[in-house]
Amino acid sequence: MRRFEFMANWRIWFALSGVVLAVAIGALFVNGLRYGIEFTGGTLMEIRAPKAVSVGEVRDALRTVDAEKGRGALIQPAGNRTILIRTTSLEPAEQARFIKVLKDELGAERRAIESVGAAWGRQITQAAVQALVLSILALLVYISLRFEFKMAACAIVALAHDILISIGIYALVGREVTPATVAAFLTILGYSLYDTIVVFHRILENSSKLVKLTYSQMANESVNQVLARSINTSAATLLPVGAILFLGGETLKDFAFALFVGISSGAFSSIFTASPLLALWKEREPKYTALRRRAQKAAASSAG
Amino acid sequence: MSPTQWNWLTIGLVALLVAGAVYFIYPVSKSTKLGLDLQGGIHVVLQAVGTAKSPVTPEAMDRAENVIRGRVDRLGVAEPQIERQGEDHFLVQLPGIRNPEEALEIIGQTALLEFAIVEKNYEGLGDEELNEAKRQGEKVAGPTLLTGDALSDAFVSFDPTTGAPIVNFKLKRTGSKTFGDITTKNVNKRLAIILDQNIISAPTIRSPITGGEGIIEGIESLEEAKKVTLVLQTGALPFSLDIVQNQTVGPTLGRDSLVEGLRAVVLGLIFVAIYLLVVYRVFAVLAWISLGVFGVLLWGLMTVMGVTLTLPGIAGTILMIGIAADSSIIIYERIKDEIRAGKTMRTALETGFNHGFQTFLDADLVSFVTALILFYFGVGTVKGFAFVLMLGIACDLFTAFFFKRSALALMGRVAFFRKPWMIGLRARPQEAA
């Protein structure tokens, strides 16, 4: 089987990650994230008209109800006959008036309404952030106990890498962040760690070979051993997610998009980020530095 | 028991469980509960807002929950769900409801009914003018003499002369006496009937009412009268409720989402099946069966535990397909490694499983820890999603240990399967040797 040099070329992989991360962080700063009403508060109405309608027609229909309270309705087409209307948070009675006007004037059917108070949005965002921080801490402890601290730290770095890239790409393409997106990010969190653990498991198993091989060589061999599995698993996971993304309906697309980016990044980072990072870090330990010197000397003498 | 017997036993056990799961799942339309996002309905989160006089206490929350339950029952919803969230929130889910806007109004209404005597200076005003003055902050009526707590029943009837809707109410025994006293003392004065700070009507008391029955006139429409009746029947909430979040999904959108979600699941499965076949050839069939066993067990478990299927749940399931396929992939890659290292196919099938199992046991446990934390601290969708993930991981490990392991060991005994190309290896090192 062909051997690939994953550890020796770490500068290339880190540079590649660096570029993508720079773009992601740049997009976060420049574009920012577009939060759904679940986080900001507001009302979102989805209606479907019997025939194609323009934004102007909807605006005209809403003129009376909207102007009176200054709800600042934002009208956005979503397909030919489907229209999304965003306003500040509406009371049920007001929602009913909007829907009635749209039905009377355009014959439009209510598809969905969602309304969220601003305080509620803040609460669930807080809960999500709390869950994220706690799960990272718990994982740090768990992986440290089961494997070792350095592996835990590298796995978390890879995780941060994947989450940042996913969020950054969201900012880049300007997709709206919804609770489904949050669920997707959490899945990425799980998948990224899962994938890294599979690689680290093999590294741990191969530790007995650390007499003949340096830590980098051993890590490289481990990654090569799990490479076929990594490729196959990524394919097996990305195929269904891709099916939703390219062939599924509108409603699931946001979720699939986040997952597609995150899983690709997760598969990349286990091999190209977490493993070289671990090898570099471990080789700073005196034991493994000595091992590398011996190996270099042996290589030099055999060459000379 | 010999290893072979043990293997047959576990496979038999898995087959029984699968049969049991199918029994619970069938018929699908009855067993599988669809979330609001898939069948349409409303989802509303209410926050209790107390005042110094009526603070939000656990007891008040209990009372409020009963009131909400009563109102929802009277709305005639098939499977309502009313849940307490935290100290002062309620989550109400009403699937398949026809008139969501009205339902929201009814559930959230405080429905505090008060009776008071109109002050002398205001006696000359009409009902509308009285209300207007009250809204301006003027003190149009005296202290509250009786509240809706005294009511025992309410129903709608019509004024025999005008045909306008009327709400009739009956009072409990003590309330009836108080009402009799009030009306006796205040003959020829006006009695303001106030619902949620709004004067509905203020008729003049012509003679004492001691029969314990009364009527409320001045109601705009029959619909309004029905609404008032319903909230009077179920009693007042101990505090006001703010709607902090509500979501209405129309039935057509729900159906579209369900169809799209299922199509994505089926397509995903087909793609994964084809990919596995290309890479693992004959052994792909075992991976397919394992995926099937995994899927049926997960579905059955969700049915038995009463988990509601939502859109994020479907998406989570699609991801679980990948993870379940991965447990086969890890094992097969390991088996290939062992064969390349010179082991016979038969040994490789067993040791490959054991080594591979340890790998994804660790990986699965890490995912499980994540899911567990998300379940404890997450809200709404995140919670449901995390729960499906935990069940999925459990089913994956179970299927691997009790089905895949035994099946691989048994296949190792059959000469037909002991050819490395059957699992996708090109070279056949040990056969050549």
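The structure under discussion appears in the preceding block.
Residues numbered from 1 in each chain as written. Chains lettered and ligands numbered in written order. Predicted model: local features only at pLDDT ≥ 70, side-chain atom pairs only at ≥ 80, totals over all residues. Heavy atoms only, no water.

**A short note on the overall build of chain A**
Reasoning step 1: Helices and strands together make up the secondary structure of chain A, namely 10 helices and six strands.
Reasoning step 2: For chain A, the C-alpha radius of gyration of 26 Å lies well beyond 19 Å, the compact-globule estimate for 304 residues.
Reasoning step 3: Seen along its three principal axes, the alpha-carbon backbone of chain A occupies a region of about 90 × 35 × 30 Å.
Reasoning step 4: When burial is assessed residue by residue, chain A has 54% of its 304 residues classed as buried. (Helix = DSSP H or I, 4+ residues; strand = E, 2+ residues; numbered from the N terminus. Rg over C-alpha atoms; globule rule 2.2 N^0.38 Å. Buried < 20%, exposed > 50% of the residue type's maximum accessible area, 1.4 Å probe, protein only.)

**Concerning the packing of aromatic side chains**
Reasoning step 1: By the definition in use, this model includes 27 aromatic pairs over all chains.
Reasoning step 2: On the basis of an interplanar angle of 65° and a centroid distance of 5.4 Å, the ring pair of W10 of chain A and F14 of chain A is categorised as edge-to-face. Remark: F14 of chain A and W10 of chain A occur in helix α1 (residues 10-30); sequence separation between them is four residues, near one turn of the helix.
Reasoning step 3: Using a relative accessible area of 24% as the deciding quantity, one classes F14 of chain A as partly exposed.
Reasoning step 4: Considering the side-chain rings of F169 of chain B and F179 of chain B, the 6.0 Å spacing of their centres and the 80° angle between planes classify their relative orientation as edge-to-face. Taken together, the residues span a long stretch of sequence, with F169 of chain B in strand β7 (residues 165-171) and F179 of chain B in helix α7 (residues 173-185) at a distance of 10 residues. Each of the two residues, F169 of chain B as well as F179 of chain B, counts as buried.
Reasoning step 5: Taken together, F353, F357, F360, F398, F401 and F402 of chain B form an aromatic cluster joined through their ring pairs.
Reasoning step 6: In this structure, R146 of chain A packs its charged tip against the face of F147 of chain A, placed 5.5 Å from the ring centre.
Reasoning step 7: In this structure, R405 of chain B is placed above the aromatic ring of F401 of chain B, and the distance from its NZ or CZ to the ring centre is 5.5 Å. (Phe/Tyr/Trp six-rings, centres within 6.5 Å; stacked < 30°, edge-to-face > 60°. Lys NZ or Arg CZ within 6 Å of the ring centre and 35° of its normal.)

**A few points about helix α1 (residues 3-25) of chain B**
Reasoning step 1: Here α1 of chain B contains 23 residues, and its C-alpha end-to-end distance of 33 Å stays within 8% of the 33 Å for a straight helix at 1.5 Å per residue.
Reasoning step 2: All of the buried residues along α1 of chain B are T4, N7, T10, I11, V14, V18, A21 and I25 of chain B. (Expected span 1.5 Å × (residues − 1).)

**So, the environment of E65 of chain B**
Residues and elements named next belong to chain B.
Reasoning step 1: Note on placement: E65 falls in helix α4 (residues 58-75).
Reasoning step 2: With 143 residues separating them in the primary sequence, E65 and P208 have C-alpha atoms 37 Å apart.
Reasoning step 3: Sequence-distant contacts of E65, defined by excluding residues within four places in its chain, comprise I82, R84 and F90.
Reasoning step 4: Separated by 2.8 Å, the side chains of E65 and R69 make a polar contact. (Contact = heavy atoms within 4.5 Å. Polar contact = N/O pair within 3.5 Å; in protein donor to acceptor, adjacent residues only side chain to side chain.)

**As for the interface of chain B and chain A**
Bring the parts together and some accessible area is lost; that lost area is often taken as the interface size.
Reasoning step 1: Contacts between the two partners involve 63 residues from chain B and, on the opposite side, 68 residues from chain A.
Reasoning step 2: Surface buried jointly by chain B and chain A totals about 5700 Å² across both partners, of which 67% is contributed by carbon and sulfur atoms.
Reasoning step 3: Of the charged contacts in the structure, one is a salt bridge between R146 of chain A and D362 of chain B, with a shortest N-O distance of 2.8 Å.
Reasoning step 4: Between the two partners, chain B and chain A, sit 18 residue pairs in polar contact (both at pLDDT 80 or more).
Reasoning step 5: Breaking the side of chain B that touches chain A down by element, the ones donating at least two residues are α5 (100-108), β11 (240-249), α9 (251-280), α11 (311-340), α12 (345-377) and α13 (381-412) of chain B.
Reasoning step 6: If one sorts the elements of the side of chain B that touches chain A by residue count, α9 of chain B sits on top with 15 residues. (Buried area = accessible area lost by both parts, 1.4 Å probe. Salt bridge = Lys/Arg side-chain N within 4 Å of Asp/Glu carboxyl O.)

**Let's talk about the sheet that holds strand β10 (residues 213-216) of chain B**
Residues and elements named next belong to chain B.
Reasoning step 1: Read from one edge to the other, the open sheet built from three strands follows the order β6-β7-β10, with strand pairing classed as antiparallel. Only two strands of the sheet have a single neighbouring strand rather than two, namely β6 (151-158) and β10. Along the sheet, successive strands turn relative to each other by an average axial angle of 25°, direction set aside.
Reasoning step 2: As judged from the seven bridges shared by β6 and β7, these two strands associate in the antiparallel manner. Bridging from a neighbouring strand, V156 pairs with V167 of β7. (Pairing = 2+ DSSP bridges. Axes fitted to C-alpha atoms, helices over the stretch in contact; angles between N-to-C directions.)

**Examining the side chain of K150 of chain A**
Reasoning step 1: Among the structural elements, K150 of chain A can be located in helix α6 (residues 149-173).
Reasoning step 2: In this structure K150 of chain A touches L278, W281, K282 and E285 of chain A, once residues within four positions along its chain are discounted.

**Describing the sheet that holds strand β9 (residues 198-201) of chain B**
Residue and element names in this part refer to chain B.
Reasoning step 1: Ordered by their spatial adjacency, four strands build an open sheet running β5-β4-β8-β9, and the pairing between neighbours is antiparallel. For this open sheet the edge positions go to β5 (146-147) and β9, each flanked by a neighbour on one side alone.
Reasoning step 2: Bridging between strand β4 (residues 113-117) and β5 involves two bridges; their strand directions are antiparallel. Bridge pairing in β5 links E114 to T147.
Reasoning step 3: The sheet contacts of helix α6 (residues 127-135) involve β8 (191-195) and β9, and relative to β9 the element is tilted by about 170°.

**Examining unusual backbone geometry**
All names here are of chain B.
Reasoning step 1: Note that the residue after Y26, namely P27, is joined by a cis bond; omega there is -5°.
Reasoning step 2: Its location among the elements puts P27 in the loop between α1 and α2 (28-31).
Reasoning step 3: In this structure, A111 takes a positive phi of about 65° despite not being glycine.
Reasoning step 4: Relative to the helices and strands, A111 is located in the loop between α5 and β4.
Reasoning step 5: Given the relative accessible area of 4%, A111 is considered buried.
Reasoning step 6: The phi dihedral of D196 is positive, around 50°, even though this residue is not glycine.
Reasoning step 7: Judged by its relative accessible area of 25%, D196 falls in the partly exposed class.

**Re the pattern of salt bridges**
Reasoning step 1: Taken as a whole and judged by the stated rule, the model has 27 salt bridges over all chains.
Reasoning step 2: A salt bridge links R111 of chain A to D256 of chain B, with the shortest nitrogen-to-oxygen separation between them at 3.1 Å. Of this pair, R111 of chain A sits in strand β5 (residues 109-116) while D256 of chain B sits in helix α9, placing the two residues on different chains.
Reasoning step 3: Judged by its relative accessible area of 5%, R111 of chain A is buried.

**Re the packing of helix α8 (residues 215-247) of chain A against α9 of chain B**
Reasoning step 1: Axis separation between α8 of chain A and α9 of chain B bottoms out at 8 Å; the angle between their running directions is 150°. On the basis of the axis angle, α8 of chain A is roughly antiparallel to α9 of chain B. Regarding α8 of chain A and α9 of chain B, the two cross each other, and that crossing is right-handed. Here I231, N232, A235, A236, L239, P240, A243, I244 and L247 of chain A of α8 of chain A lie close against α9 of chain B, whose contacting residues are R263, A264, L267, G268, F271, V272, Y275, V279 and Y280 of chain B.
Reasoning step 2: Classifying every residue of the contact of α8 of chain A with α9 of chain B by side-chain character gives 15 nonpolar, two polar and one charged. (Parallel < 35°, antiparallel > 145°, perpendicular 65-115°, else oblique. Left-handed = near helix turned anticlockwise from the far one by under 90°. Nonpolar A, V, L, I, M, F, W, Y, C, P; charged D, E, K, R; others polar.)

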